[in-house]
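Reading the structure
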Amino acid sequence: MSERLQGPRMDRRRLLALGGAFGALAAGGLITSTVLGRRPAATGGELRSTAPLPPAYQVPLPLPRVLAPVAVSGGVDRYEITQRETVAEILPGLRTPLWTYGGTFPGPTIEARRGRPVTVTHRNELPVPTVVHLHGGRTPAESDGYPTDLVLPTDWSPGAGHGSGGTESMEGMGGMADPRAVTTTLTRDYTFPNDQRPTMLWYHDHRMDFTAPAIWRGLAGLHIVRDDAEEALGLPSGPRELPLMIADRAFAADGSLLYPSLDPTLRERPGVTEPYTAGVLADVILVNGAPWPVHEVDTARHRLRLLNGSNARHYELELVCDDGRRLDLIQIGADQGLLTTAVTHRALPIAPAERYDVVVDFTDVPVGTLVRVRNRLGSGRTRDVLAFRVARRATSDDSRVPAILSTDLPGWNREDAVRVRDLAFRAGQMNGGHGWLIGGRAFSPSRTDVTVNLDDVEVWRFVADVHHPVHLHLVGFRVLSRGSGKPPLPHDAGLKDTVSLRPGESVEIITRFDGYRGRYLFHCHNAEHEDMGMMANLEVV
Ligand SMILES: [Cu+2]
């Protein structure tokens, strides 16, 4: 009890210690009103393709292949993924070099069962070190993909040709090596217990300083956790369950991806050129790696498992029929699995790294109709995302959306929290240049920013200058409030692992730090912000 009472007092001291910049934001001062006044639809600079772009809704929607295990003995499913360069035809008639998991973008999907561990042996045949993180996974620290736990290429010598040995690659880390890093050469086994609520996770590169360009080049794939209880609900399944990874990219005239890296080899100097330091946006919208694809459906309910896999682009999705009629997005799940009851949206905002599980009912849509999924935050061609063509009458549809979807959502109350923390996400100086900071500091692997006790419940209060989608590793959380104590928004329902802070906004979340002890992270999932300092260490003890 006394511990609980300490919460607000610690909170106040922390608030004061954070100083003037945070205070101005928290008090709704000039910074807040200026930022809100601009109301930007996106944070970042947009690259323009010089390649000829195809018309929308011509390319069929690809579905990532499901990876087959190499062994299923001993209660563990074993998989192997080789990270390698490949060339793919993304824009019709053009060839695009990619960095991939297993030769495709997105990488292969891992289908996992709740409570049944999966071990993935990743083999790095790319020219740079890599790190695999399973986003949303309840993963022991040694398999969580800490940014300095590198898998090195066999012939890796970072300073080769630059005459300074191995230190130059540490430039973005302020010259600091990380004594706790556990590196391997060529391969590494990542073990995922899958001891968590069923949901769609995604795995992607998380290498120190170079996460954004690595994901951009193609290092992202899906990992779906299922269980018997969810399957018993009768939700749309089989060909009527569609994973949709949405990501923007830009293409040069020769088909190669554009990206404004300071060092296009991604070997030494991290970061992007000045117009893009707030985030890299692009003018082509890919879904499962295809530009503005189209997918044929029948007149039945479909389950869409949405991931915003973009580095910096936000979307607000709506479904519009040829005749202007809009279809509802019936949200059944959030980042971390099923809601208690469905929430119906006319439009659904989705920030980088967020997932939404939605059901769309095409039952009453006339055959022949094109149903466009549009992005209300886009302009020009970025207003289009993908489309469904209602191709035929369904012979039957025995799917349903039950009134109660789940009964196991954590019901943490504010009174359960032993601590309240304030964390400001805003721009600032880093290494003498532009950076993105948490609590006024740029990321350093050698500093513990937040220490929590295993099983403690805490309330964290975030405040933002511009858009920041904030992600915690290890745990899911509930959104408690937005904007000075106002209730969460409808799409904040359920268990989240990424929350979208809007410009000038404060958001409170609550979570229990359960699962595993060790070194984890929390960070902004605008991938360029993440690479430019907006990450912090979370030590669970
Ligand atoms: Cu950010």
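Residues numbered from 1 in each chain as written. Predicted model: local features only at pLDDT ≥ 70, side-chain atom pairs only at ≥ 80, totals over all residues. Heavy atoms only, no water.

A few points about the coordination of the copper ion
Six octahedral donors around a metal ideally subtend angles of 90 or 180 degrees, whereas four tetrahedral donors ideally subtend 109.5 degrees. Around the copper ion, the donor atoms from the protein are His468 (ND1), Cys524 (SG) and His529 (ND1), and they sit 2.0 Å away. Each donor residue of the copper ion lies on one chain, and together they are spaced H-x55-C-x4-H. Of this pair, histidine 468 sits in strand β31 (residues 468-472) while histidine 529 sits in helix α6 (residues 527-531), and the two are 61 residues apart along the sequence. Overall, the relative accessible area of 0% leaves histidine 468 in the buried class. (Donors = N, O, S within 2.8 Å, 3.2 Å for Na, K, Ca; no water. Helix = DSSP H or I, 4+ residues; strand = E, 2+ residues; numbered from the N terminus. Buried < 20%, exposed > 50% of the residue type's maximum accessible area, 1.4 Å probe, protein only.)

A few points about the nonpolar core
Ranked by internal contacts, the top residues of the largest apolar core, which has 92 residues, are Leu306, Phe388, Trp460, Phe462, Leu472 and Phe522. Considering each element in turn, this core owes the most residues, six residues, to strand β12 (residues 241-251). Excluding anything up to four places from it in sequence, phenylalanine 388 contacts Leu242, Leu244, His295, Val297, Leu304, Phe362, Thr369, Leu370, Val371 and Val373. In terms of nonpolar packing, the next biggest core, distinct from the first, is built from 27 residues, Leu67, Trp99, Val118 and Val131 among them. (Core = buried A, V, L, I, M, F, W, Y, C linked by side-chain atoms within 4.5 Å. Contact = heavy atoms within 4.5 Å.)

Digging into the side chain of aspartate 227
Assignment of secondary structure puts aspartate 227 in the loop between β11 (220-226) and α5 (228-231). Judged by its relative accessible area of 13%, aspartate 227 falls in the buried class. Polar side-chain contacts of aspartate 227 include one of 2.8 Å to the backbone nitrogen of glutamate 230. Setting aside chain neighbours within four positions, we find aspartate 227 in contact with Arg113, Arg114 and Pro198. (Polar contact = N/O pair within 3.5 Å; in protein donor to acceptor, adjacent residues only side chain to side chain.)

Side note on the packing of aromatic side chains
By the definition in use, this model includes nine aromatic pairs. Where tyrosine 101 meets tyrosine 203, the ring centres are 4.8 Å apart and the plane angle is 55°; that geometry is what we call tilted. On the criterion of sequence distance, the pair formed by tyrosine 101 in strand β3 (residues 96-101) and tyrosine 203 in strand β10 (residues 199-205) is long-range, its members being 102 residues apart. Judged by relative accessible area, tyrosine 203 falls into the buried class, the value being 3%. A centroid spacing of 5.4 Å and a plane angle of 90° characterise the contact between phenylalanine 425 and phenylalanine 462, whose relative ring orientation is edge-to-face. Of this pair, phenylalanine 425 sits in strand β27 (residues 419-430) while phenylalanine 462 is found in strand β30 (residues 457-464), placing the two residues 37 residues apart along the sequence. Relative accessible area serves as the criterion here: at 0%, phenylalanine 425 is assigned to the buried category. A relative accessible area of 0% places phenylalanine 462 in the buried class. Aromatic ring contacts, followed pair by pair, group Phe425, Trp460, Phe462, Phe513 and Phe522 into a single cluster. The ring of tyrosine 190 has arginine 188 sitting right over it, with the charged end atom 5.6 Å from the ring centre. Positioned over the ring face of tryptophan 292 is arginine 381, at 3.7 Å from the centre of the ring. (Phe/Tyr/Trp six-rings, centres within 6.5 Å; stacked < 30°, edge-to-face > 60°. Lys NZ or Arg CZ within 6 Å of the ring centre and 35° of its normal.)

Quick notes on the sheet that holds strand β34 (residues 506-512)
Taken together, five strands build an open sheet; the order of strands is β28-β27-β30-β34-β32 and the sheet is mixed. Looking along the sheet, the strands with just one partner apiece sit at the ends: β28 (433-438) and β32 (478-482). Looking at each pair of strands side by side, their axes are set apart by 20° on average, direction ignored. (Pairing = 2+ DSSP bridges. Axes fitted to C-alpha atoms, helices over the stretch in contact; angles between N-to-C directions.)

Some details on the confidence of the model for the protein
Looking at the protein as a whole, its pLDDT mean stands at 90, while 89% of the residues score no less than 70. For the stretch residues 1-40, pLDDT sits under 50, and the model shows 38 contacts to residues farther than four places along the chain or on other chains. pLDDT under 50 marks residues 160-175. Its contacts with residues more than four places away, or in other chains, come to 25 contacts. (pLDDT = per-residue confidence, 0-100.)

Notes on the pattern of salt bridges
Within the structure shown, the criterion is met by 43 salt bridges. Between arginine 113 and aspartate 228 there is a salt bridge; the shortest N-O distance is 2.7 Å. Pair noted here: arginine 113 is in strand β4 (residues 110-113) and aspartate 228 is in helix α5, with a separation of 115 residues, a long-range link. Put simply, glutamate 505 and arginine 502 hold a salt bridge, and the shortest N to O gap is 2.8 Å. What makes arginine 502 partly exposed here is its relative accessible area of 38%. Taken together, the shared-partner salt bridges connect Glu111, Arg226, Glu230, Glu241, Arg303, Arg305 and Asp357 into one network. (Salt bridge = Lys/Arg side-chain N within 4 Å of Asp/Glu carboxyl O.)

Thoughts on unusual backbone geometry
Cis geometry marks the peptide bond from phenylalanine 105 to proline 106; its omega dihedral reads -5°. Looking at the element boundaries, proline 106 is found in the loop between β3 and β4. With phi around 80°, alanine 353 is a residue other than glycine that occupies positive phi space. Of note, alanine 353 is situated in the loop between β23 (348-350) and β24 (355-361). For alanine 353, a relative accessible area of 0% puts it in the buried group. Non-glycine residue leucine 474 carries a positive phi angle of around 75°. Mapped onto the secondary structure, leucine 474 falls in the loop between β31 and β32.

Looking at empty space enclosed by the protein
Enumeration according to the criterion identifies four cavities of 30 Å³ or more in this entry. Lining the largest cavity are 15 residues, and of these Asp209, Pro213, Gly271, Val272 and Asp531 lie nearest its centre. Residues of the lining of the largest cavity, tallied by class, amount to eight nonpolar, two polar and five charged. Of the voids in this model, the second largest cavity is the one considered here, and its volume is about 50 Å³. If you trace the second largest cavity, you find it lined by Thr199, Met200, Arg305, Leu306, Ala334, Arg355, Tyr356 and Asp357. Those elements that provide at least two residues to the lining of the second largest cavity are β10, β18 (301-308) and β24. Take the lining of the second largest cavity: its biggest share by element is three residues, from β24. Looking at side-chain class alone, the lining of the second largest cavity contains four nonpolar, one polar and three charged residues. (1 Å grid on protein atoms, 1.4 Å probe; cavity = no way out; pocket = protein on both sides within 12 Å on 5 of 7 lines; lining within 4 Å. Points joined across faces, edges and corners; volume = space filled by probe spheres on them. Nonpolar A, V, L, I, M, F, W, Y, C, P; charged D, E, K, R; others polar.)

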